[in-house]
Number of protein chains: 2
Amino acid sequence: MDPEIDLLHHIKSFEAQLEDYLPGNSIDCVILGYESQQLKVLLLKWKNDGVWTLPGGFIKKTEHLDDAAQRVLQERTGLSSVFVKQFYTFGSSVRNKNPQISKPLYHLKKMEELSPNFLKWITNRFITTGYFALVDIKRIHPRPDAFSEVCEWKSLNALPPLILDHKEIITKALDHLKTQLNYLPIGISLLPKKFTMQDLRKLYEAILGKPLERSNFQRKLLKLGILIRHEKQMTGAANKAPYLYSFSEEKYYELIKNGIGFYS
Amino acid sequence: MDPEIDLLHHIKSFEAQLEDYLPGNSIDCVILGYESQQLKVLLLKWKNDGVWTLPGGFIKKTEHLDDAAQRVLQERTGLSSVFVKQFYTFGSSVRNKNPQISKPLYHLKKMEELSPNFLKWITNRFITTGYFALVDIKRIHPRPDAFSEVCEWKSLNALPPLILDHKEIITKALDHLKTQLNYLPIGISLLPKKFTMQDLRKLYEAILGKPLERSNFQRKLLKLGILIRHEKQMTGAANKAPYLYSFSEEKYYELIKNGIGFYS
DNA sequence: TCAAAAGTGTTATCTGTACACCCATGT
DNA sequence: ACATGGGTGTACAGATAACACTTTTGA
């Protein structure tokens, strides 16, 4: 099937339900993962255009803002029980003035088939609320939406060009991540069930952007009493094998409720 | 002039400009002050009804969300250069289902003069973004808006009944205040220019909800290097007169940028 | 036997906390 | 004189940070 026809079909079906959605409000998700000692964010590449965007969506008239975010997350990753949190609302009156917003639509050959009503709706001013999610990359299978051809993880150190203010949204999400570090379930959300102490340390180093002293890190975390030690993991490397650990969930969540008082 | 006629006049003039405002979005301000060793919030009491609300407003189509908050703050307090910060967006789909929202309108004898268009607009679902401000109570002169008869400070320990989810909005603002304590200009915003060490300590005690050791507090704050010591203040009490202090503004703002690393 | 990373030990320094002490002030 | 709150001193417990030492592993 011609992907352009397919896209047009999707737009038309959304257009038919336009009355079910709030005009002028949207949500965008900064879905963060951790892989190869790097923080990564899940992005979509639009059809017919090639610019990248954050996964986002519109809000149904009967739907809570938080539920809209959960819905988008579920649609893109297949996950329903992950950590999601609202972090900021972007309310500039000129967010939509960037011409890139409508580019993919103008590339459609059959654009004239779309109603002026819909074009007005979609190019209107939008106030968007940012949500961020922390997920274990290995557990999810990214799926592009109707408007996109690719949905994949991008390293935060090498972001592609993004539409509108999506770069700013990511920056703000990272600020939030850093200042709220002690109250967020970083380790338990971003790492696989079992991990080594080095994995955990490298994760914190990636977030904080600075090296942490190995031996002190180990002692400090063990003393928190949230780690369960498992069997050693033979890595094949020419050195002592590290233990594997997992988190004691109840203790973990109890701890971050009052702030893990970790690194400041 | 009959206050009810006056109110109706205001509503009609707003109704005439309805097209200039975003439908479905609003801002609410949690304006915090400190007086008599208590944190206080600025509230409005509606005409014809008597329930209390947070000062809030609507957003012009060409206006940044932040600017709408600044505008409301300016209108209620007369202040333009105060600390304001967005803290959360409330997106429940049933926020407006509380009957209190329209009560004051229904109390109007001449309500039938209002257009159905306006009534639909105002009773629609609204997504509201909360801003909080920190101000020196002594510097401001609260002014009620067209819909209100009273605008005054209320102690956080004894809040009157509030419309809709405004209680929840205040609670969330206080959460934000506590978790962001180290990054907010608490002292410099809430206290008068000159203050005693006891004033500053009592302020922190009010926010943290627990007593702080007098002598250690003093040493800790002096060591931060953000305080300027002035002449002693003869209080008339039968004890040693305390020094007055003021903040070194540049040093203060430099410090909170990285977090004052204060009490956790 | 060697290099590399893991795990544990040691020590100096800083910070938090509690409380003791003297000082200034008005009754 | 004395009660009251302000300002400073001291001493101990615990946390932090830097680095040394030993152990395990595969080449």
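A few points on the structure. Just so it is clear, the model here is predicted, and its values are computed rather than measured.

**What to know about the overall build of chain A**
Okay, step 1: Scanning chain A for helices and strands turns up 9 helices and 10 strands.
Okay, step 2: Each principal axis of the C-alpha atoms in chain A carries an extent, and together these give about 65 × 40 × 30 Å.
Okay, step 3: Looking at the 264 residues of chain A, the share that counts as buried comes to 52%.
Okay, step 4: Sequence-distant contacts in chain A: of pairs separated by 6 or more residues, those separated by 24 or more amount to 76%.
Okay, step 5: In the form shown here, chain A has an accessible surface area of approximately 12900 Å², with 51% of it arising from carbon and sulfur atoms.
Okay, step 6: Side chains of chain A carry 37 positive and 29 negative charges; the gap between the two charge centres is 9 Å.

**Topic: the interface of chain A and chain B**
Accessible area lost upon the coming together of the parts is a frequently used measure of interface size.
Okay, step 1: Residue-level contacts link 22 residues of chain A with 22 residues of chain B.
Okay, step 2: Between chain A and chain B, the buried area comes to about 1700 Å², and carbon and sulfur atoms account for 48% of it.
Okay, step 3: Across the contact surface, chain A and chain B share 0 salt bridges.
Okay, step 4: The interface formed by chain A and chain B holds 12 residue pairs in polar contact (both at pLDDT 80 or more) in total.
Okay, step 5: Residue assignment for the side of chain A that touches chain B shows that the elements contributing at least two residues are strand E1 (21–35), strand E4 (56–60), helix H2 (65–77), strand E5 (83–90) and strand E6 (127–134) of chain A.

**Examining the sheet that holds strand E10 (residues 243–247) of chain A**
All names here are of chain A.
Okay, step 1: Taken together, the 3 strands give an open sheet; going across it, the order is E8-E10-E9, and neighbouring strands pair in antiparallel fashion. Edge positions in the sheet fall to strand E8 (195–196) and strand E9 (227–232), since each of these pairs with one other strand and no more.
Okay, step 2: The pairing of E9 with E10 spans 4 bridges and is classified as antiparallel. Across the sheet, the residue bridging to Arg229 is Tyr245, located in E10.

**Comments concerning the protein's contact with DNA strand C**
Okay, step 1: Around DNA strand C, the surrounding shell holds 25 residues, and the nearest of these are Arg214, Ser215 and Tyr243 of chain A together with Ser215 and Ala238 of chain B.
Okay, step 2: Taken together, the sugar and phosphate atoms account for 47% of what DNA strand C places within 4 Å of the protein.
Okay, step 3: For DNA strand C, a base nitrogen lies 3.3 Å from a polar atom in the backbone of Ala238 of chain A.
Okay, step 4: Within the residue set of the surface near DNA strand C, elements represented by two or more residues are helix H8 (214–223) of chain A together with helix H8 (214–223) of chain B.
Okay, step 5: Of the residues that constitute the surface near DNA strand C, the class distribution is 8 nonpolar, 8 polar and 9 charged.

**A short note on the protein's contact with DNA strand D**
Okay, step 1: The immediate surroundings of DNA strand D are formed by 25 residues, with Ser215, Ala238 and Lys240 of chain A together with Arg214 and Lys240 of chain B found nearest.
Okay, step 2: In this structure, a base nitrogen belonging to DNA strand D sits 3.0 Å away from a side-chain N or O atom of Asn216 of chain A.
Okay, step 3: Here Asn239 of chain A contributes a backbone N or O atom positioned 2.8 Å from a base oxygen of DNA strand D.
Okay, step 4: For the surface near DNA strand D, the secondary-structure elements that each account for two or more residues are H8 of chain A together with H8 of chain B.
Okay, step 5: With 5 residues, H8 of chain A is the single largest residue contributor to the surface near DNA strand D.
Okay, step 6: Classifying every residue of the surface near DNA strand D gives 8 nonpolar, 8 polar and 9 charged.

**Quick notes on the sheet that holds strand E10 (residues 243–247) of chain B**
Okay, step 1: The 3 strands lie next to each other as E8-E10-E9 (chain B), forming an open sheet whose pairing is antiparallel. Two strands in the sheet have a free side with no partner beyond their single neighbour: strand E8 (195–196) and strand E9 (227–232) of chain B.

**So, the relation of the copies chain A and chain B**
Okay, step 1: Taken as rigid bodies, chain A and chain B are interconverted by a rotation of 180° and an axial shift of 0.1 Å, the fit giving an RMSD of 0.1 Å. The relationship between the two copies is best expressed as a two-fold rotation axis.
Okay, step 2: Most of the interface of chain A is mirrored in chain B, where 100% of its interface residues again form contacts.

**Let's talk about the nonpolar core**
Okay, step 1: Formed by 42 residues in total, the largest nonpolar core has its most connected members in Val30, Ile186, Leu200 and Tyr204 of chain A.
Okay, step 2: The biggest single contributor to this core is helix H7 (residues 197–208) of chain A, with 5 residues.
Okay, step 3: Mapping this core onto the domain boundaries places at least three of its residues in each of domain 1 (3–179) and domain 2 (185–257) of chain A.
Okay, step 4: Apart from the residues lying within four places of it in its own chain, the contact partners of Ile186 of chain A are Leu134, Leu177, Leu181, Leu203, Tyr204, Ile207 and Tyr252 of chain A.
Okay, step 5: Core analysis: the next-biggest nonpolar cluster, separate from the first, contains 41 residues, Trp52, Ile186, Leu221 and Tyr245 of chain B among them.

Conventions and cut-offs
Residues numbered from 1 in each chain as written. Chains lettered and ligands numbered in written order. Predicted model: local features only at pLDDT ≥ 70, side-chain atom pairs only at ≥ 80, totals over all residues. Heavy atoms only, no water. Helix = DSSP H or I, 4+ residues; strand = E, 2+ residues; numbered from the N terminus. Buried < 20%, exposed > 50% of the residue type's maximum accessible area, 1.4 Å probe, protein only. Contact = heavy atoms within 4.5 Å. Areas by Shrake-Rupley, 256 points an atom, 1.4 Å probe, with all protein chains shown as cover. Lys, Arg positive; Asp, Glu negative; His and termini not counted. Charge placed at Lys NZ, Arg CZ, Asp CG, Glu CD. Buried area = accessible area lost by both parts, 1.4 Å probe. Salt bridge = Lys/Arg side-chain N within 4 Å of Asp/Glu carboxyl O. Polar contact = N/O pair within 3.5 Å; in protein donor to acceptor, adjacent residues only side chain to side chain. Pairing = 2+ DSSP bridges. Near = heavy atom within 4 Å. Nonpolar A, V, L, I, M, F, W, Y, C, P; charged D, E, K, R; others polar. Least-squares fit on C-alpha atoms with pLDDT ≥ 70 in both. Core = buried A, V, L, I, M, F, W, Y, C linked by side-chain atoms within 4.5 Å. Domains from an automatic or database assignment.

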